[in-house]
Amino acid sequence: MSNELVSGFKAAFRGYPTGVAIISVAGPDGPAGLTASSVASVSLAPPALSFSVMDSPSAKLITAAPSLVVNLLGAAHAGLAHDFARPGGPRFTPDQDWLTLPTGEPALRDAQAVMRCLPLHRVAVGASTVVVAEVTTVLTGTPDGRLIYHERRFHTFHASGDPQPRLP
């Protein structure tokens, strides 16, 4: 693969704004998670989504987990997204306001939405893994605008008409 192709590919996606999520799981040694900007809806019947993760200790736990949670982030979560995006960043601290779902996975209390999922497919692509997962539970949360990843930075966006909070 040419350097020109790789540079062009990176530039194309750097300029393509995406939403931001934290994927979280109940790992064997406690909760694990990472920031993802690749979440996409896949199907309504069954409700399913996809995301990709690059090779890392947290990604290995996520791809091996029998269930996971996709926490869609809002405008107030830029710092949290940054913490979960870098190795060694603080994770699952009391001030980050995580709760544990009855099924054991960590969920962000003030997320825009929390979706509990069961993996359907895991596809290795180079050093990444694409996960397709069936959504089994959706909890909508605090309306707070949106967090967007664009040009390698987190940005916020506010729109009217956000839903009312429903997370505990």
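Residues numbered from 1 in each chain as written. Predicted model: local features only at pLDDT ≥ 70, side-chain atom pairs only at ≥ 80, totals over all residues. Heavy atoms only, no water.

*Asks:* What should I look at first to understand the overall build of the chain in this one?
*Replies:* Counting its regular elements, the chain contains three helices and twelve strands. Expected size for 168 residues packed as a compact globule is a radius of gyration near 15 Å; at 16 Å, the chain falls within 12% of this value. With respect to the principal axes defined by its C-alpha atoms, the chain has extents near 50 × 35 × 35 Å. Every one of the 168 residues in the chain was classed for burial, and the buried ones make up 38%. (Helix = DSSP H or I, 4+ residues; strand = E, 2+ residues; numbered from the N terminus. Rg over C-alpha atoms; globule rule 2.2 N^0.38 Å. Buried < 20%, exposed > 50% of the residue type's maximum accessible area, 1.4 Å probe, protein only.)

*Asks:* Help me out: how do you make sense of the nonpolar core in this one?
*Replies:* A general tendency of soluble globular proteins is for nonpolar side chains to be buried together. Counting 19 residues, the largest nonpolar core has Ile23, Leu34, Leu49, Phe51, Leu68, Val70 and Cys117 as the members making the most contacts within it. Those elements that provide at least two residues to this core are strand S2 (21-27), strand S3 (30-36), strand S5 (47-54), helix H2 (57-64), strand S6 (68-72), strand S9 (113-125) and strand S10 (128-140). Setting aside residues up to four positions removed in sequence, leucine 34 forms contacts with Ala21, Ile22, Ile23, Val53, Ser56, Ser58, Ala59, Ile62 and Phe84. Ranked by size, the runner-up nonpolar core spans 16 residues in total, among them Ile22, Ala81, Ala111 and Val114. (Core = buried A, V, L, I, M, F, W, Y, C linked by side-chain atoms within 4.5 Å. Contact = heavy atoms within 4.5 Å.)

*Asks:* Looking at this structure, how should I read the packing of aromatic side chains?
*Replies:* A ring pair, where both rings are aromatic, is described by two values, the distance of the centres and the angle of the planes. Inspection of every chain in the model, using the stated rule, returns six aromatic pairs. Ring geometry for phenylalanine 9 versus phenylalanine 13: centroids 5.2 Å apart, planes at 55°, classification tilted. Taken together, the residues span about one helical turn, with phenylalanine 9 and phenylalanine 13 both in helix H1 (residues 3-14) at a distance of four residues. Where phenylalanine 84 meets phenylalanine 92, the ring centres are 5.2 Å apart and the plane angle is 85°; that geometry is what we call edge-to-face. Cluster of aromatic residues (ring-pair linked, three or more members): Phe9, Phe13 and Tyr16. (Phe/Tyr/Trp six-rings, centres within 6.5 Å; stacked < 30°, edge-to-face > 60°.)

*Asks:* How do you make sense of a nonpolar patch on the surface when you look at a structure like this?
*Replies:* Residues Phe9, Phe13 and Tyr16 make up a contiguous nonpolar surface patch of roughly 390 Å² in combined accessible area. Relative to the helices and strands, tyrosine 16 is located in the loop between H1 and strand S1 (18-19). (Patch = residues over 30% accessible without salt bridge, like charges linked within 9 Å, V, L, I, M, F, W, Y side chains within 5 Å. Areas by Shrake-Rupley, 256 points an atom, 1.4 Å probe, with all protein chains shown as cover. Salt bridge = Lys/Arg side-chain N within 4 Å of Asp/Glu carboxyl O.)

*Asks:* Teacher, can you tell me more about the confidence of the model for the chain here?
*Replies:* Do not read the fine detail of predicted coordinates wherever pLDDT is low. Summary statistics for the chain give a mean pLDDT of 90 and a share of 93% for residues scoring 70 or more. Throughout residues 161-168 the model reports pLDDT below 50, and contacts reaching past four residues in sequence, or to other chains, amount to 23 contacts. (pLDDT = per-residue confidence, 0-100.)

*Asks:* I tried to follow the sheet that holds strand S4 (residues 40-44) on my own but got confused; where do I start?
*Replies:* Note: strands within a sheet are paired through backbone hydrogen bonds, in either parallel or antiparallel orientation. Strand order in the open sheet formed by seven strands is S3-S2-S6-S9-S10-S5-S4, and the pairing between neighbours is antiparallel. Looking along the sheet, the strands with just one partner apiece sit at the ends: S3 and S4. Adjacent strand axes in the sheet meet at a mean angle of 35°, parallel and antiparallel pairs treated alike. Two strands pair when backbone bridges link them, and S2 and S6 are joined in this way by four bridges, in the antiparallel orientation. Across the sheet, the residue bridging to isoleucine 23 is valine 70, located in S6. Against the sheet, helix H3 (residues 78-85) engages S2 and S3, with an angle of about 110° to S3. (Pairing = 2+ DSSP bridges. Axes fitted to C-alpha atoms, helices over the stretch in contact; angles between N-to-C directions.)

*Asks:* How should I be thinking about the pattern of salt bridges in this particular structure?
*Replies:* Two side chains carrying opposite charge are able to pair once their charged atoms lie near each other. Counting across every chain of the model gives four salt bridges. Between arginine 86 and aspartate 83 there is a salt bridge, and its shortest N-O distance comes to 3.3 Å. Note on arginine 86: relative accessible area 35%, which makes it partly exposed. A relative accessible area of 15% places aspartate 83 in the buried class.

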